[in-house]
Amino acid sequence: MRNRVVMLADFDYFFAQCEELRNPALKDKPVVVGVYSGRTEESGAVSTSNYVARKFGVKSGMPLFLAKRKLEGMEAVFLPVDHEYYDQISDRIMQIFRGYASNMEQVSVDEAYLDVMDQVEGSFEKAKEYAQKIKTDVRKQVGICFSIGVGPNKLVAKIACDSQKPDGLTIITPDEVERFLSPLPVYRLLGVGKKISTKMDSLNIKTIGDLAKFDVQKLIGVFGKTLGLYFYNASKGNDNEPVQETGEAQSIGRIGTLKQDSHNLDFILQKIDTLTADIFKEVQSKNLSFKQVAIYAVMTDLSSKTRSVTIEQAAKDQETIKKNVKVLFEKFLNESPLGLRRVGVKVSGFTREEPNQKQLTLFFQG
Ligand code: TTP
Ligand code: CA
């Protein structure tokens, strides 16, 4: 059987990199993107930061006031999250990925697995060049940099990717899997959180190598059959989860700038029609049905709003998007007197035609 060759691409410091993309002057400064809770000017948490800010100890999840303190006197730039913008960039990259893989599975806004076995004919040597090509292409077309891990399955690709960032490219061939995983702490495995790693620690299992040597029956005794077997297989780098587009928890959206600021429904819908057609093309190509339709508007004062509607039965046609978008904009314009500058449409709540099996398919190797 030919090797599987799986890639995991993870965009570097994603939200902050997007901000650098639209404002390159930020590049050399510490950039912190945060969610402002709105209570006071400083309350809220860090979503992410660029690597310049990370050098000073800024971390995701940290309170903003603490990040400010760490970056005092540094000309640091603090920005609020702009999910619509990051989604747009993410969508463009994911679309490029699809062209490079037999299967692509988007895991989050900034992570995707690519099954490239056929493209590289099972060769890890070729996979390296291929990964480089994808990176160069995305950098040229979108301007975003990311890290890639390549391995014989998703589990190894993910850990490989995490081991070298930013702009990393880490290849782990089947022969190297054991040596690569063995010294790593157990929490690097998906599913090993604080509680489980404490439990493992008490069994003297500290590294993935320790786990691989541990008696499988004992593991099953402690963690139950499903988890016990999963940990056992994972410790050996065994994983046969397929790379498949889940279609869940995703959205497809487009945003555009109006030729001129406007409060006129017909004028706005003209722009929207092109965006909708584009969205529809993607929805159709992925064979998805959707349950939510949303609109996005940036007003002349640069404030932004979204409105959405959930439809009763999952739909897959362009007319449903158009109809709902029209109703949403009509209502929105009635409520808001300001002119619009940018507009967007998004569909989400996807289901697929064929049943989607997303189960841990485990295999046992004694
Ligand atoms: P990550 O991939 O964890 O982080 P990152 O892309 O910022 O940095 P890198 O991969 O180079 O280490 O998360 C992806 C995005 O998710 C991140 O840009 C912002 C968001 N995020 C949060 O909003 N809160 C969080 O606590 C984390 C970890 C991420
Ligand atoms: Ca990332």
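Refer to the structure above for everything that follows.
A quick note: this is a predicted structure, and the numbers were derived from the prediction, not measured.

Below, the discussion takes up the packing of helix α12 (residues 265-285) against helix α13 (residues 318-335). Across the interface, α12 lies against α13 with an axial gap of 10 Å and an inter-helix angle of 145°. The two elements α12 and α13 meet at a crossing, and its hand is right-handed. Facing Leu-265, Ile-268, Leu-269, Ile-272, Asp-273, Thr-276, Ala-277, Ile-279 and Phe-280 of α12, the residues of α13 in contact are Gln-318, Ile-321, Lys-322, Val-325, Lys-326, Phe-329, Glu-330 and Leu-333. Tallied by class, the residues present in the contact of α12 with α13 amount to eleven nonpolar, two polar and four charged.

Of all hydrophobic cores here, the largest spans 41 residues; its most connected members are Met-7, Phe-97, Leu-114, Ile-134 and Val-150. A per-element tally of this core places helix α4 (residues 83-100) first, with eight residues. With 29 residues, the next largest nonpolar core counts Leu-265, Leu-269, Ile-311 and Ile-321 among its residues.

A word on the sheet that holds strand β2 (residues 31-36). Two modes of strand pairing occur in sheets, parallel and antiparallel, and in both the strands are linked by backbone hydrogen bonds. Pairing within the open sheet is mixed, and its three strands lie in the order β3-β2-β4. Because the sheet does not close on itself, it has two edges, and the strands there are β3 (44-49) and β4 (77-80). Taken pair by pair, the neighbouring strands of this sheet meet at an average axis angle of 35°, ignoring direction. Contacting β2, β3 and β4, helix α1 (residues 14-22) runs over the sheet at an angle of about 115° to β2.

Around the calcium ion (ligand 2), the protein contributes the donor atoms Asp-10 (OD), Phe-11 (O) and Asp-110 (OD), at 2.2 to 2.3 Å from the metal centre. Along the chain, the residues donating to the calcium ion (ligand 2) fall in the pattern D-F-x98-D. In terms of burial, Asp-10 and Phe-11 fall into one category: buried.

Right, let's talk about the environment of Cys-145 for a bit. Counting through the fold element by element, Cys-145 comes out in the loop between α5 (124-141) and β7 (146-151). You can call Cys-145 buried: its relative accessible area is 15%. Sequence separation between Cys-145 and Thr-170 is 25 residues; the distance between their C-alpha atoms is 15 Å. Look past the residues within four positions of Cys-145 in its chain and what remains in contact with it is Phe-11, Asp-12, Gln-17, Arg-139 and Asp-167.

This part covers α1. Residues that lie three or four places apart on an α-helix share one face, since the helix turns once every 3.6 residues. Of all nine residues in α1, seven are buried, a share of seventy percent or more. Listing the buried residues of α1 in full gives Phe-14, Phe-15, Ala-16, Gln-17, Cys-18, Glu-19 and Glu-20. Looking at the packing, one finds that the buried side of α1 touches β1 (6-11), β2, β3, β4 and α4.

Within the structure shown, the criterion is met by zero disulfides. Here Cys-18 is not cross-linked by a disulfide; its sulfur's nearest cysteine counterpart is in Cys-145, at 12 Å. Residue Cys-18 is classed as buried on the basis of its relative accessible area, which comes to 0%. Of the cysteine sulfurs around Cys-161, a residue in no disulfide, the closest is that of Cys-145, at 11 Å.

If you check α5, its first and last C-alpha atoms are 25 Å apart, about what 18 residues at 1.5 Å a residue would give, namely 26 Å. Every buried residue of α5 is listed here: Phe-124, Ala-127, Tyr-130, Ala-131, Ile-134, Lys-135 and Val-138. Looking down the long axis of α5, one finds its buried residues gathered within 140° of arc, a one-sided arrangement. In this structure, α5 carries Glu-125, Glu-129 and Lys-140 as exposed residues pointing more than 90 degrees from its buried face. Considering only its buried residues, α5 is in contact with β1, α4, β6 (111-115), β7 and β8 (169-171). The N-terminus of α5 is capped by Ser-123, whose side-chain oxygen sits 3.2 Å from the backbone nitrogen of Glu-125. Gly-143 sits one or two positions beyond α5 and adopts a positive phi of about 90°.

Turning our eyes to something else, we now look at the pairing of β7. Burial within β7 is extensive, with six of its six residues counted as buried. Side-chain alternation along β7 places Phe-146, Ile-148 and Val-150 on one buried face and Ser-147, Gly-149 and Gly-151 on a second face that is also buried. As judged from the six bridges shared by β1 and β7, these two strands associate in the antiparallel manner. By the bridge assignment for β7, Phe-11 is matched with Phe-146.

This part is about the site of ligand 1. Taken together, 13 residues surround ligand 1, and among them Tyr-13, Thr-48, Tyr-51, Arg-54 and Lys-165 come closest. Between ligand 1 and Phe-14, the relevant distance is 3.0 Å, taken from an oxygen atom to a main-chain nitrogen or oxygen of the residue. Side-chain polar atom of Tyr-51 to an oxygen atom of ligand 1: 2.8 Å apart, as the coordinates give it. Across the complex, the protein chains shield 68% of the 550 Å² of accessible surface that ligand 1 would expose by itself. Looking at the shell around ligand 1 residue by residue, the classes come out as five nonpolar, three polar and five charged.

The rules behind the values
Residues numbered from 1 in each chain as written. Chains lettered and ligands numbered in written order. Predicted model: local features only at pLDDT ≥ 70, side-chain atom pairs only at ≥ 80, totals over all residues. Heavy atoms only, no water. Axes fitted to C-alpha atoms, helices over the stretch in contact; angles between N-to-C directions. Helix = DSSP H or I, 4+ residues; strand = E, 2+ residues; numbered from the N terminus. Left-handed = near helix turned anticlockwise from the far one by under 90°. Contact = heavy atoms within 4.5 Å. Nonpolar A, V, L, I, M, F, W, Y, C, P; charged D, E, K, R; others polar. Core = buried A, V, L, I, M, F, W, Y, C linked by side-chain atoms within 4.5 Å. Buried < 20%, exposed > 50% of the residue type's maximum accessible area, 1.4 Å probe, protein only. Pairing = 2+ DSSP bridges. Donors = N, O, S within 2.8 Å, 3.2 Å for Na, K, Ca; no water. Disulfide = S-S within 2.5 Å. Expected span 1.5 Å × (residues − 1). Arc of directions from axis to C-beta. Polar contact = N/O pair within 3.5 Å; in protein donor to acceptor, adjacent residues only side chain to side chain. Near = heavy atom within 4 Å. Areas by Shrake-Rupley, 256 points an atom, 1.4 Å probe, with all protein chains shown as cover.

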